[in-house]
Every structure is written in C-alpha cells, then in structure tokens.
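In case you want the letters, here they are:
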Amino acid sequence: MMVKNKLAMMNQENDEEDFDPETESESGSEEEEEDQQVVKLAEPSKTAVYNKDGLLERLNDISWPNNLDWTHRLNIDREEQEQVDVNDDLAREHAFYTQGLEGIRQAYVNFQSTGEPFLRPADYYAEMVKTDTHMEKVKGRLLAEKRRIEESEERRKARENKKLAKDIQAQKMKERTKQKKQEIESVKKWRKQRQQSGFDKEDAGGLDLAFDGGDVNKPFQRSNKKRPGVSPGDRSGGRANFGGKGGKGFDKKRKSREFKDSKFGFGGRKGLKKQNTAETTNDFGGSHKGERFAKNKRVKR
Amino acid sequence: MGKKRKHTETEAVANGNKDEIATERPKRTLLGFKDGSNTEENKDSSSVVTFRNKEKVLVTCSRRISYRYRHLMLNLVSLLPHCKKDNKVESKDAKGETLNELVELKSCSSCLFFECRKGKDLYLWMSKCPNGPSVKFLVNAVHTMEELKLTGNHLKGSRPILTFSSNFDKQPHWKLLKEMFMQIFGTPKDHRKSKPFYDHVFVFSILDDHVWFRNYQISCPHTGTTQKIDRGDLEKMTLVEVGPRFCLNPIKIFGGSFGGPTLYENPFYVAPNQIRSLEKKQKAGKYAKKVKAKTRRKMHQLSNPLEVDEFADMWKE
C-alpha cells in the first residue's frame, strides 16, 4: 500500500552548513512515471540538503581561470530555449539535435576566426572510434532496410496493378466476345438475306453488306489472333511440334530455336512430309531427283 | 616525464624570478592542476598566461558489472583520450579511500567510477581528486556505441565540442556539474593522443532534472581542402548520432572526493530498490483485496435486498 502523505512544506533550500538530515519516516507520495525507468517523487523530500555557499565555494576551487582562451574549454552555452516534454521522444531528440547544431555553428564561426584548421579533409585517414567491420555491419543493415522498403513498395504497386489489370482484361474479354457475336450475327444476316433474295446475286455485289466489325475488303479474314507457331497454310493446326519436340524445357528461348528449326531447317515437321500440299496434289509417281539438279543448274547461272 | 618548455616560457619564468626579488608578487588567481613544478609555470606576473590542461581521468568499475554497462565504460574510454582504464575495484567497504589511493597511484586528477549494484542499477561517481567535489549519479537509458541504429563515426581522440543547455547556469549545483563535465569530458588541448580536427560534439542538457548526454558526428560539406566555410555550408551541416547515450540522475554532491560533507541532495530522487519494493507491495495484497471485496459485496447485498420479482414464477411448472 502506498504511503499517502499530507502536503509537505517545500523546505528544499537550507542555507545552513552541514544540515543533519532528520530521519523522517514519511516520504513524499510517489508517482511512477514510466519514462524509461525514471521515477520521481511528486513532492520534494524534506530532508534534502542544499548548501549553496558550499557548492559555489567548491566551484571556485576547481574552476579554471576566467581569462582562458576558448580553445581550451571548447564549450558552447546555449541561450534560452523552450521546455520540451521528456516523454515525447521525438521532440526530445529533436531538441538535443538542434542544440548540437546551433552549438556547432557557433563553434565553427569561432574556429574560422582563429585561423587554424578545423575541418577534416577528405583524405585524412586515421583511426576512428568505430571499427571498419562495425561500419560494414551498419551499412549492411541500412541497405537491407532500404531494400525491404522498396520491396514492399513494389509489392504494393504490383497488387494494385494486378487489380487494375484484372479489370482491363475482363473488359477486353467482353469486347472480344461481343465482336465475335456480332460477326456471327452479321454472317447469319447475310445468309438470310441471300436466302431471301433467292441466291441470284452471286457476284461481289452481294457482299456489299458491311459486316460489322470487319473491313469490306477482307471479309473472311481469320481474326488477327497471333499464333506464332502456326503458318496460315498449316494443316496440322499448329500441333506438329506439340508432343515431340516441345516436351522438355519448353521455355521461350528454346521454343524460338525449335520453332526456327522446324520452320526453316532440318528434320522439322516430319509428320507432314507424307501429306499433300497444294503443289504436290497432282504428282502421281515419278522421281523428283532430276528436278532438283535442274533447279540447281538454273540457280547457279 | 620531462616537461618541454617553450622558449617564451623560460623567458617568462626568468622575468618572474627577477620580479620576485624586486617587488611584491601580485596575488595570483591562476590555479595549476598538479602541485609542484606545474605551478611555477603559471606564476607569471606578466600578461602571458601559460595554462596547461593536465587533466587525466581514471576510469574503473566495480566487480559484477553487467555487459551493457561494461560496454558503456569501454565506449567512454575510447571517447576520452586523456583517460586511463584500470582494473576492477574489489572493495566492499572503505570504497572511498581505496579509490582515492588508486587515483593517487596512477597520478590522475579525476575519476569516473562505474558501480553496478545487483547487476541492474548503474551508479556513476564523478570526482575531482584529491580533494575536489564528487558527484554520484544514477545512470538510466543506456545505449552503447555498438547499436546499429547509431550510425555515425568520428576520429578517435579528436577533441569534442561541448554544448550545454541554458539551464546549466541557473542554479549553483548545475553550475558545479557543468564545470566538472567540462573538465572531465573535454580533451586537453595538445594532448599527445588527441587528433587535430573537430568533428564531433557532446550535448549535455538538463530535462526534468536529469542530465542527458548525446554524442553527434558533424558532417559538414565543405569545398575541398580549404578551411573556409560559408553560410551555405553551415546551413547544410548535419549531425549523425554516434553514441553512446545515457541519462544521469544526480543523487548527491559531496564536498570531498568520494566522501565528505553532503553539499547537495536531490529531493526528487527515489532509489531503484525502493521502486521495486513498492511495486511488489502493490502486487502483494491482491488476494486479500479480493476476499475483502467479496465480503463487501455480500454485506451490500444483505443490506439492500432485492424486491421480489413478479415474473419469477412465470416459467415454473
């Protein structure tokens, strides 16, 4: 149980020499201000000694002579400053910082008037108060923190972009399906029209119905979907290399090498060599070896 | 240690001696630090004041000091090039005499003694020997230089610039403390271990009756090798904290070294043991309080009976 006290008289300042502290059992009521384990009495204890004259006398004993050059003491005394709350860490540290900064400015001005060197040149290497290994650790920590912040920023941005991208993609899909629908609709309409008009207009005039979403000049063009592995005349539907060559390690680079091999070079679409293309449809039998030599002869000239 | 006298000093001394024979020597106001030969150099009737700061600080600690406080002590040793580190002091009683003897033995003029009690509380004694005043502090909020958040660095042994907050001049005990800080924490000029440039600053400020200590590195962007800085450079100057950091709570100021008459006692000081015992006492009566509360509730219930509830029998079969 805390010992509560009636208000004690503020008998703090005694001018008597060698005041004998009476051992009083009551102490001031104590508040516990948890400020970094600093606890103070709310009221000053009555038994405190304060011998001002003695203090000043000792001060005179130990102090250096008054007319001493400032460069011996190197002290800067600050002028009036406002009070800062001790518990507010940021404000407190800021107050210390400004005190140091102002002191330094004043000191540098003084130094400059003395004319002696006081700024450390960039090439002055000497033993520092913290070792190099320690400073490496500090640097590592700072870099790690910076990296962490950057990564979190990137992650946040990526998340936001993903959200946006989802929306954009959804929109695109919608548009595409709409277009497709419209195309189909227009074809149906054209067909109906043709049916209705009785199949008599078979020339290009019948095609003057402007297909929605399509150019009049290229009516039946396949959509511009990019399928890089497929050439337009490819009957295999782009699946010539599907199982065999694209099995292991099928990433982009190898895909392009494989793709090039298959398109221009050797041993590529074996499966299609036994299928007829437009040129070979009408070849019935006969060898083609002679043709090859003839072609080479012609090219050489 | 042979003292190298400058040319001017020898002439001045010679003058002084001549004057002594001729006229009454004026009352000297100068003080030397060590008795003996040093005072001769200062006895000048001419206006040339030769003052040599011969401050030497002995830094020791007690046994059973914990790691954090030991690191703090080592940090201070590296910050003060004019100090001497000594072994741990063993004695339980007669601490003052032992320390005084030790200081005399090492021919130092002041002492910083770190006393750690129960492995938890650190007390710092700061005293001017042999007969100067001494102060006992309780040290709080210790952050050593090894903490990675304190990123600054400065030359080892460069002289610090000391800044004091304005309330050091308000009262006599603060004035005394300021003088002691200036003498102990300031590196003597032309000390043989000191480095030439000024690149760090000590900040002493009084907040809430505690002395807060900070050590900052000065990073001033200056043009090349010239020693000129202009207003722009002064504005762009920044401070980076080097450490260590601590907070001192003065307990008592004594007239003698590690003893003597008490000149000042901090009225707001509470011993850490007392704080701990109070906390324990607060926790101690928990069960008794509970039981009391229970009985009180019972009495209260008995004295104010509830009126009969009309719906009490509603759901009874």
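This structure is a prediction, so every number in the text was calculated from the model and none was measured.

K.L.:
Would you explain the overall build of chain A in this entry?
P.N.:
When helices and strands are tallied, chain A shows six helices and three strands. Helices (α) and strands (β) of chain A occur, in sequence order from the N terminus, as β-β-α-α-β-α-α-α-α. Within the span of chain A, comprising 301 residues, buried residues form 22% of the whole. For chain A, contacts bridging at least 24 residues in sequence account for 48% of all contacts bridging at least 6. Carbon and sulfur atoms form 51% of the exposed surface of chain A, whose accessible area is close to 24400 Å².

K.L.:
Sorry, what's going on with the overall build of chain B here?
P.N.:
Scanning chain B for helices and strands turns up eight helices and eleven strands. With 317 residues in all, chain B has 50% of them scored as buried. As presented, chain B carries roughly 16800 Å² of accessible surface, and 53% of it is formed by carbon and sulfur atoms.

K.L.:
When you look at the interface of chain B and chain A in this model, what are you seeing that I'm missing?
P.N.:
In many analyses, interface size is given as the accessible surface area lost on bringing the parts together. Between chain B and chain A, the contact holds 92 residues from the first and 83 residues from the second. Buried surface at the junction of chain B and chain A, summed over both partners, amounts to about 8500 Å²; 62% is from carbon and sulfur atoms. Area buried by chain B at its contact with chain A is led by Leu148(B), Tyr198(B) and Phe268(B), which between them contribute 8% of it. Run the count over chain B and chain A and you get five salt bridges. Between Asp199(B) and Arg120(A) there is a salt bridge, and its shortest N-O distance comes to 3.2 Å. Summed over the shared surface of chain B and chain A, the result is 28 residue pairs in polar contact (both at pLDDT 80 or more). Ranked by residue count, the leading element in the side of chain B that touches chain A is helix 5 (residues 172-185) of chain B, at nine residues. By residue class, the composition of the side of chain B that touches chain A is 46 nonpolar, 25 polar and 21 charged. By the bridge criterion, three bridges tie strand 3 (residues 75-77) of chain A to strand 6 (residues 161-164) of chain B in an arrangement that is parallel.

K.L.:
Can you walk me through the pairing of strand 8 (residues 210-219) of chain B in this structure?
P.N.:
Each regular strand shows side chains that alternate between the opposite faces of the sheet. Residue and element names in this part refer to chain B. Within strand 8, nine of the ten residues are buried, which leaves the element mostly enclosed by the surrounding structure. Summarising the sheet, strand 7 (residues 200-207) and strand 8 pair through eight bridges and their orientation is antiparallel. In the strand pairing of strand 8, Val201 is matched with Tyr216. In sequence, strand 7 turns back onto strand 8 through a hairpin of two residues, with Asp208 there showing a positive phi of about 60°. Two strands pair when backbone bridges link them, and strand 8 and strand 10 (residues 245-256) are joined in this way by three bridges, in the antiparallel orientation. Looking at the pairing, Phe213 lines up with Phe246 of strand 10. Two strands pair when backbone bridges link them, and strand 8 and strand 9 (residues 238-241) are joined in this way by four bridges, in the antiparallel orientation. Bridging from a neighbouring strand, Ile218 pairs with Leu239 of strand 9.

K.L.:
Would you take a moment to explain the nonpolar core for this structure?
P.N.:
One recurring pattern in soluble globular proteins: nonpolar side chains tend to sit buried together. Judged by nonpolar contacts, the single largest core of 49 residues is most densely connected at Leu112(B), Phe114(B), Phe181(B), Phe185(B) and Phe204(B). No other element matches the eight residues that helix 5 of chain B contributes to this core. When neighbours within four sequence positions are excluded, Leu112(B) is seen to be in contact with Val57(B), Leu58(B), Val59(B), Thr60(B), Leu76(B), Leu80(B), Leu124(B), Trp125(B), Met126(B) and Ile184(B). Listed in part, the 26 residues of the second largest apolar core include Ile76(A), Ile218(B), Met237(B) and Leu239(B).

K.L.:
Would you take a moment to explain the pairing of strand 4 (residues 121-128) of chain B for this structure?
P.N.:
All names here are of chain B. The buried fraction of strand 4 is high, at eight of eight residues. As paired strands, strand 3 (residues 110-117) and strand 4 are joined by eight bridges and run antiparallel to one another. The partner of Cys116 across the bridge, within strand 4, is Leu122. A loop of three residues connects strand 3 with strand 4, the two strands running antiparallel in sequence, and Lys118 in this loop sits at a positive phi of about 60°. Both strand 4 and strand 5 (residues 134-143) contribute to a ladder of six bridges, which runs antiparallel. In the sheet register, Ser127 faces strand 5, and the bridge partner there is Ser134.

K.L.:
How do you make sense of the packing of helix 1 (residues 52-62) of chain A against helix 5 of chain B when you look at a structure like this?
P.N.:
Axis angle and axis distance: for two packed helices, these are the angle between their axes and the distance between the axes, and together they describe the pair. The contact between helix 1 of chain A and helix 5 of chain B brings their axes to 9 Å, and the two run at 20°. Relative to helix 5 of chain B, the element helix 1 of chain A is oriented roughly parallel. Note on packing geometry: the crossing formed by helix 1 of chain A with helix 5 of chain B is left-handed. On helix 5 of chain B, the residues touching Lys52(A), Leu55(A), Leu56(A), Arg58(A), Leu59(A) and Ile62(A) of helix 1 of chain A are Pro172(B), His173(B), Lys175(B), Leu176(B), Glu179(B), Met180(B) and Gln183(B). Looking at side-chain class alone, the contact of helix 1 of chain A with helix 5 of chain B contains seven nonpolar, two polar and four charged residues.

K.L.:
It is not clear to me how unusual backbone geometry should be interpreted in this structure. Could you clarify?
P.N.:
For residues besides glycine, phi is generally negative; the peptide bonds are generally trans as well. Here the amide bond leading from Gly243(B) into Pro244(B) is cis, since omega sits at -5°, within 30 degrees of zero. As for its position among the elements, Pro244(B) is in the loop between strand 9 and strand 10. Positive phi values are uncommon outside glycine, yet Leu74(A) reaches one of about 55°. Take Leu74(A): it is sitting in the loop between helix 2 (70-73) and strand 3. Positive phi, normally seen in glycine, also occurs at Asp209(B), with a value near 65°. Tracing the chain through its elements places Asp209(B) in the loop between strand 7 and strand 8.

K.L.:
How should helix 3 (residues 89-114) of chain A be read in this particular structure?
P.N.:
One turn of an α-helix holds 3.6 residues; hence residues three or four places apart share an orientation. Residue and element names in this part refer to chain A. The end-to-end C-alpha distance of helix 3 is 38 Å, a good match for the 38 Å that 26 residues give at a rise of 1.5 Å each. Those residues of helix 3 lying buried are Arg92, Glu93, Ala95, Phe96, Gln99, Gly100, Leu101, Gly103, Ile104, Ala107, Tyr108 and Phe111. Phi turns positive one or two residues past the end of helix 3, at Gly115, with a value near 90°.

K.L.:
Is there a simple way to think about the confidence of the model for chain A in this case?
P.N.:
For residues with low pLDDT, the predicted coordinates do not support detailed interpretation. All names here are of chain A. Taken over all residues, the pLDDT of chain A has a mean of 72, while the share at 70 or more is 59%. When the elements of chain A are averaged for pLDDT, strand 1 (residues 30-35) gives the smallest value, 37, and helix 4 (residues 132-196) the largest, 94. Within the model, pLDDT remains below 50 along residues 1-38, and this stretch shows 64 contacts once partners closer than five positions in the same chain are excluded.

K.L.:
Help me understand the side chain of Arg245(B), please; the structure alone is not making it clear to me.
P.N.:
For Arg245(B), the position within the fold is in strand 10. We classify Arg245(B) as buried; its relative accessible area is 18%. Only 3.0 Å separates the side chain of Arg245(B) from the side chain of Glu241(B), close enough to count as a polar contact. Contact partners of Arg245(B), with chain neighbours within four places excluded, come to Glu93(A), Ala141(B), Val142(B), His143(B), Leu150(B), Phe213(B) and Arg214(B).

The rules behind each value
Residues numbered from 1 in each chain as written. Chains lettered and ligands numbered in written order. Predicted model: local features only at pLDDT ≥ 70, side-chain atom pairs only at ≥ 80, totals over all residues. Heavy atoms only, no water. Helix = DSSP H or I, 4+ residues; strand = E, 2+ residues; numbered from the N terminus. Buried < 20%, exposed > 50% of the residue type's maximum accessible area, 1.4 Å probe, protein only. Contact = heavy atoms within 4.5 Å. Areas by Shrake-Rupley, 256 points an atom, 1.4 Å probe, with all protein chains shown as cover. Buried area = accessible area lost by both parts, 1.4 Å probe. Salt bridge = Lys/Arg side-chain N within 4 Å of Asp/Glu carboxyl O. Polar contact = N/O pair within 3.5 Å; in protein donor to acceptor, adjacent residues only side chain to side chain. Nonpolar A, V, L, I, M, F, W, Y, C, P; charged D, E, K, R; others polar. Pairing = 2+ DSSP bridges. Core = buried A, V, L, I, M, F, W, Y, C linked by side-chain atoms within 4.5 Å. Axes fitted to C-alpha atoms, helices over the stretch in contact; angles between N-to-C directions. Parallel < 35°, antiparallel > 145°, perpendicular 65-115°, else oblique. Left-handed = near helix turned anticlockwise from the far one by under 90°. Expected span 1.5 Å × (residues − 1). pLDDT = per-residue confidence, 0-100.

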